[in-house]
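# A closer look at the structure
In case you want the letters, here they are:
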Amino acid sequence: MDIAEPIGVAAGEGQAGLELTILMPCLNEAETLGTCVRKAMGYLARSGIAGEVLVADNGSTDGSQDIARSLGARVVPVAERGYGAALIAGIAAARGRYVIMGDSDDSYDFTALDPFVAKLREGYQLVMGNRFRGGIKPGAMPPLHRYLGNPVLSTIGRIFFASPVKDFHCGLRGFDRTAMIALDLRAPGMEFASEMVVKATVNGLRITEVPTTLSPDGRSRPPHLRSWRDGWRHLRFLLVFCPRWLFLYPGAALFLAGIAAMAVLLPGPVRVGGVTFDVHTLLYAAGAAVMGFQAIQFWVFARIYGAQQGVVPEEKRLTAALARFGLEPALIVAGGLVLVGLGLGVATVAVWGGERFGNLVGTGAMRLSIASVTAMLLGLQLAFGAFFVALLGMMRAR
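These lines cover the structure that appears in this document, whether it is placed above or below. From a predicted model like this one, the values you see are computed outputs, not experimental measurements. (Residues numbered from 1 in each chain as written. Predicted model: local features only at pLDDT ≥ 70, side-chain atom pairs only at ≥ 80, totals over all residues. Heavy atoms only, no water.)

Turning our attention to the sheet that holds strand β5 (residues 126-130). In space, the 7 strands of this open sheet follow the order β3-β2-β1-β4-β6-β5-β7, with mixed pairing throughout. Where the open sheet ends on each side, the last strands, each with one partner, are β3 (74-77) and β7 (207-211). The mean inter-strand angle of the sheet, taken between neighbouring strand axes irrespective of direction, is 25°. Pairing between strand β2 (residues 51-57) and β3: 4 bridges, direction parallel. Bridge pairing in β3 places Leu54 opposite Arg74. Docked against the sheet, helix α1 (residues 33-47) engages β1 (20-26) and β2, running at close to 175° with respect to β1. (Pairing = 2+ DSSP bridges. Helix = DSSP H or I, 4+ residues; strand = E, 2+ residues; numbered from the N terminus. Axes fitted to C-alpha atoms, helices over the stretch in contact; angles between N-to-C directions. Contact = heavy atoms within 4.5 Å.)

A few words on the nonpolar core. The biggest cluster of nonpolar side chains holds 40 residues, and the ones touching the most others in it are Leu23, Leu126, Phe175, Met180, Phe192, Met196 and Leu238. Of all the secondary-structure elements, those providing two or more residues to this core are β2, α3 (83-93), β4 (98-101), β5, α6 (143-161), α7 (177-182), α8 (192-202) and α9 (227-241). Discounting residues that sit within four places of it in the chain, Phe192 has contacts with Tyr83, Gly84, Leu87, Ile88, Ile91, Leu185 and Ala187. Counting residues in hydrophobic clusters, the runner-up holds 33 residues, among them Ala68, Ala73, Tyr124 and Val210. (Core = buried A, V, L, I, M, F, W, Y, C linked by side-chain atoms within 4.5 Å. Buried < 20%, exposed > 50% of the residue type's maximum accessible area, 1.4 Å probe, protein only.)

Taken as a whole and assessed by the stated rule, the structure comprises 11 aromatic pairs. An angle of 75° between the planes, with centres 6.0 Å apart, marks the rings of Phe298 and Phe301 as edge-to-face. In this pair, Phe298 and Phe301 are both assigned in helix α11 (residues 279-308), 3 residues apart and thus about one turn of the helix distant. Given a relative accessible area of 39%, Phe298 falls into the partly exposed group. Through pairs of rings, three or more aromatic residues link up here, namely Phe160, Phe161, Phe237, Phe241, Trp245 and Tyr249. In this structure, Arg206 packs its charged tip against the face of Tyr124, placed 4.2 Å from the ring centre. (Phe/Tyr/Trp six-rings, centres within 6.5 Å; stacked < 30°, edge-to-face > 60°. Lys NZ or Arg CZ within 6 Å of the ring centre and 35° of its normal.)

Viewed as axis vectors pointing N to C, helix α10 (residues 243-265) and α11 meet at an angle of 150°, and their least axial separation amounts to 7 Å. It follows that α10 is roughly antiparallel to α11 by the angle criterion. Crossing of α10 over α11 shows left-handed handedness. (Parallel < 35°, antiparallel > 145°, perpendicular 65-115°, else oblique. Left-handed = near helix turned anticlockwise from the far one by under 90°.)

Okay, structure coming up:
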């Protein structure tokens, strides 16, 4: 496999024959960066691996850059702020076939990288550290992260994407540089950690985990991580990258529940135990059907546009279905729904006329009105959505 030429590296430097780059993102880590670089340099010397230590500096003002250079590391300045931005630039500038990245706060042991290298040499393209298997030393991880944040987000990631990774947010991980660049990683913040795992999974990369130990970091200042803000960014990424959980599944549940309730309540009120469900429940059921259908449409829009922009993977079954049915069949169905709605509206007016356009007795007319409006809303939503999908298709063709 050829090594892609790094961005910002002079011609020929990317073919230096290095096997491994040990990459560290850095923002004012003068207290611990030196220790990390020494450990990484020592590992390269002990193992005999042809490699380099690369520091992706995110604008440090405490002299971190000079510390790294004085110890033999290469420094790449990264103007765009953010954990992900620093690592994306570092991966692009790396000269090794493999990259092992780890935080520069001395929480990970850069002298114990043999399991990562061994798995990379076996052909795995992403090798994740697992802190829960390797051990978390006292004080190394806040209880909120250990018992809630990491387990919950990792579980969501495994459910959403069928990923084999059980520790989504371990900062020590190794990967094949060429395969990682091909994933077109973009997240500039802490959610970069999730993006790497998710895109590697959906693109079929070979992934494995190895135990790793997490130690308390050696800094006297608080970490850059902000628990709730960054946790939300991870969750937001998982939802956006998997819109079926954000739009499709909730939307389908709302739509089916609404349609089912309407079918039961349209003929008349239903009594369950001591509770009577009548026209008011029918109105909410209609609302659920309309909102659910709208959410399903948003799933379609998100999948198409997201795939075009390279944000989410293409949904091949959806693409095939849209190619088969297209705009015209959707418009026919939409027109049928609108006509049904208009017919129910005429029936409602007829009922009203039977009362000489005065006060209506009972709820029969209201039931017809709700069904009429619901059918027309669904028809118009379908028609407008079909035209928008056609527009997205024209943009893709262009």
